[in-house]
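What follows is each chain in one-letter form.
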Amino acid sequence: MNARASADKRTPPAAARPQRTTALVSRLMGMETEYATLAVDPQNLSSEDLPASLFVYEQICEAIRRDQPTAKGLFDSEQMFLASGGAVTFESNPTMHDLPGGLIEIATPEVRSPEELLTCQRSIDQLVADATADSETSYDLRVLKNSSDSYSHIYGCQENYEADVASGVWLVLYRFFVCLLWMMQVISLVVSVPLLWLMLSIGWIAQRRRRSRSATADSAGVRSSDIEQEAIEADDSLGEQNPQTTFDSVPPTVAWLFVAALRWIHFPIVLVLRFVARHIAFRPQRRYLTALLASRLALCGSGALDYDGRYRLSSKAMAIDTIADMGSFRGERPVFVYGHWLSHYCTKTFLSLASTRVMFARRQRLQIGLSDSNMADHAEYVKFASVSLVLDMIEAGAVADLPVLKDSVASIHRIASDWNLVSSVPTSHGELSALEIQKKYFLAARQFVAETSNQWLGESETVLVRWESLIAILAAFRRDHTQTSEAVGRVDWMTKQHLILALGEKAEWTEKKKVDLRYHELSADGYFQQLAVTKPEVIFVKQQNVDRRRRSPPSGSPAARRGWIIREFAGGDEVFHTDWAYAMIGRGRKRKRVNFDI
């Protein structure tokens with residue numbers, strides 16, 4: 001009690017904190033989830049006979065288009081935005097499009113409450129599962145919502161939160177570097193233009209040769225394939241308006257060389273951006289969130305069995321190698337990801353320098369890469385709801401009771417390796433276990449909510465109730481490892497471990513790994529899906545709400561206007577492409593930009 005009282009004295013009183021103007025846990029937030037696709041192969045076909053990843057992606061997208069209106073991405077011709085406000089993206093290297101496998105990333109629309117985010121997440125889970133089942137192929141396609149495959153490839157989900165990028169002198173310094181990066185971007189653009197013109201010329205020549213071959217084949221009485229004919233028609237209709245179509249015609253080897261050259265041209269921007277990410281942007285968030293993210297593995301880890309038969313709380317956590325970085329430039333695996341900033345300066349702003357101005361805003365997107373793909377509603381809800389509440393605390397200055405990790409990456413690995421929940425890691429409050437860290441965050445959050453006026457409580461009391469119950473479930477397990485019944489269906493890693501242990505001590509690694517993977521299968525055959533049918537009490541969201549969010553976006557966010565625009569213009573005569581922040585309608589001088597700001 002004395003230590004607690006001492007900590008309370010260091011915490012600014014509620015009256016001294018900034019006055020709230022919005023409810024707790026009501027910031028913009030969203031999820032991006034990578035789903036692994038696979039073809040069930042009862043005939044043991046060779047990899048050459050399995051469907052190519054691009055083919056699978058296109059078939060799933062076609063099934064989604066039958067489900068709801070969609071629009072093509074403005075900067076990525078393979079990206080597809082949904083009437084629900086979300087987006088579908090093909091996550092694969094262009095050189096691997098003809099190989100089996102591949103990842104489909106689906107992002108939820110931006111929302112303003114954890115309950116709404118959970119509903120939207122479940123809606124896209126069901127959307128991709130149904131689209132996979134309804135795809136018109138001769139293969140039995142399935143999709144997994146997990147974080148690693150049997151070859152230990154890491155993927156999964158990322159969380160996004162609107163937050164203050166900096167304040168005071170740090171905000172001034174941040175904006176100075178934005179100006180510097182803009183000037184560097186202009187220089188890179190000037191240097192890159194000749195290279196891009198050369199690439200466009202090669203693509204244009206490739207298109208002309210394809211048309212010439214088609215004309216020759218037609219004159220000889222040979223019909224072009226439907227796919228080639230569609231590609232030619234796309235060239236004719238969009239080639240003038242969409243440079244991406246021309247870029248896509250460049251031979252893969254040549255395209256790889258151009259991309260490598262462009263990466264070197266933009267490398268100085270990456271160095272400056274990395275400095276901003278590590279030393280200027282989101283300083284308090286990185287300091288006070290890292291311990292929460294590391295310790296929540298005990299509550300929200302999805303579990304994984306490695307090649308040596310060791311069970312981990314999270315395979316994704318074991319791959320973390322730095323705290324803040326790009327996450328896409330050299331394959332690094334950071335906790336806090338700035339790859340979307342890299343896109344602003346090196347991709348999207350290549351076509352529109354004016355879009356850099358959004359980087360001057362105080363509120364920016366904080367992206368978290370240390371996040372597992374959850375099947376359980378309880379774990380998934382607590383995962384992002386607790387972060388949203390702690391972000392409110394950080395912005396209010398209520399951080400005195402929050403622990404800080406001293407060796408962050410090593411601590412993350414240690415916690416992720418210990419499903420017994422006994423290991424301690426060094427923090428500013430001494431050596432603490434994952435559960436002890438979670439309890440400190442929870443107690444501080446409960447005190448913060450108690451000091452908040454009723455009119456601003458929002459969903460925070462529900463967050464506390466669900467957070468506390470999950471901590472209690474894990475604490476019971478920590479005291480007695482036979483106490484797992486309450487965790488089944490609520491804590492993913494414990495539910496999965498329960499299913500693996502049910503196989504018996506003599507079970508082979510392959511049998512256990514099958515459970516590890518099929519636990520995440522989004523179909524009636526998926527192991528979690530079968531379990532959830534027998535335990536309806538673990539389901540938090542109502543199916544009618546999921547059905548509504550599958551086709552219509554939530555109000556009060558940019559997604560609402562994006563979804564409305566897509567419904568209005570999808571399938572019409574106007575040329576229409578969209579991105580997260582705005583849409584472009586029409587062509588030539590009549591082309592209009594529609595912003596989604598609220």
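About the criteria used
Residues numbered from 1 in each chain as written. Predicted model: local features only at pLDDT ≥ 70, side-chain atom pairs only at ≥ 80, totals over all residues. Heavy atoms only, no water. Helix = DSSP H or I, 4+ residues; strand = E, 2+ residues; numbered from the N terminus. Contact = heavy atoms within 4.5 Å. Areas by Shrake-Rupley, 256 points an atom, 1.4 Å probe, with all protein chains shown as cover. Buried < 20%, exposed > 50% of the residue type's maximum accessible area, 1.4 Å probe, protein only. Expected span 1.5 Å × (residues − 1). Axes fitted to C-alpha atoms, helices over the stretch in contact; angles between N-to-C directions. Parallel < 35°, antiparallel > 145°, perpendicular 65-115°, else oblique. Left-handed = near helix turned anticlockwise from the far one by under 90°. Nonpolar A, V, L, I, M, F, W, Y, C, P; charged D, E, K, R; others polar.

### Brief notes about the overall build of the protein chain
Inference 1: Along its length, the protein chain carries 21 helices and 17 strands.
Inference 2: Contacts in the protein chain between residues at least 24 apart in sequence constitute 73% of all its contacts with a sequence separation of at least 6.
Inference 3: Of the roughly 27,200 Å² that the protein chain leaves accessible, carbon and sulfur atoms contribute 55%.

### Considering the environment of Arg-333
Inference 1: The topology assignment puts Arg-333 in the loop between strand S10 (322–325) and strand S11 (334–337).
Inference 2: Classification of Arg-333 as partly exposed rests on a relative accessible area of 32%.
Inference 3: C-alpha of Arg-333 to C-alpha of Lys-316: the two residues are 17 residues apart in sequence and 8.8 Å apart in space.
Inference 4: Not counting residues up to four positions away in its chain, the partners in contact with Arg-333 are Ile-154, Ala-319, Ile-320, Asp-321 and Thr-322.

### Structural notes on helix H16 (residues 460–479)
Inference 1: In a regular helix each residue adds 1.5 Å, so 20 residues correspond to 28 Å; H16 covers 29 Å between its end C-alpha atoms and thus fits that length.
Inference 2: Listed in full, the buried residues belonging to H16 are Ser-460, Val-463, Leu-464, Arg-466, Trp-467, Leu-470, Ile-471, Ile-473, Leu-474, Ala-475 and Phe-477.
Inference 3: Summarising the contacts, the buried residues of H16 are in contact with helix H3 (114–134), helix H9 (283–295), helix H10 (297–300), helix H13 (377–396), helix H15 (434–450) and helix H17 (492–501).

### Overview of the environment of Leu-305
Inference 1: Inspection of the secondary structure puts Leu-305 in strand S8 (residues 304–305).
Inference 2: A residue is classified by how much of its surface remains accessible, and Leu-305, at 6% relative accessible area, is buried.
Inference 3: Measuring from C-alpha to C-alpha, the distance between Leu-305 and Ser-152 comes to 9.7 Å, with 153 residues separating the pair along the chain.

### Observations regarding the packing of H15 against H16
Inference 1: Running from N to C, H15 and H16 point in directions that differ by 155°, and their axes come no closer than 11 Å. Judged by the angle between their axes, H15 and H16 are roughly antiparallel. The element H15 and its partner H16 pack so that their crossing is left-handed. Here Leu-435, Gln-438, Lys-439, Tyr-441, Phe-442, Ala-445, Arg-446 and Val-449 of H15 lie close against H16, whose contacting residues are Ser-460, Leu-464, Trp-467, Glu-468, Ile-471, Leu-474, Ala-475 and Arg-478.
Inference 2: Across the contact of H15 with H16, the residue classes tally to ten nonpolar, two polar and four charged.

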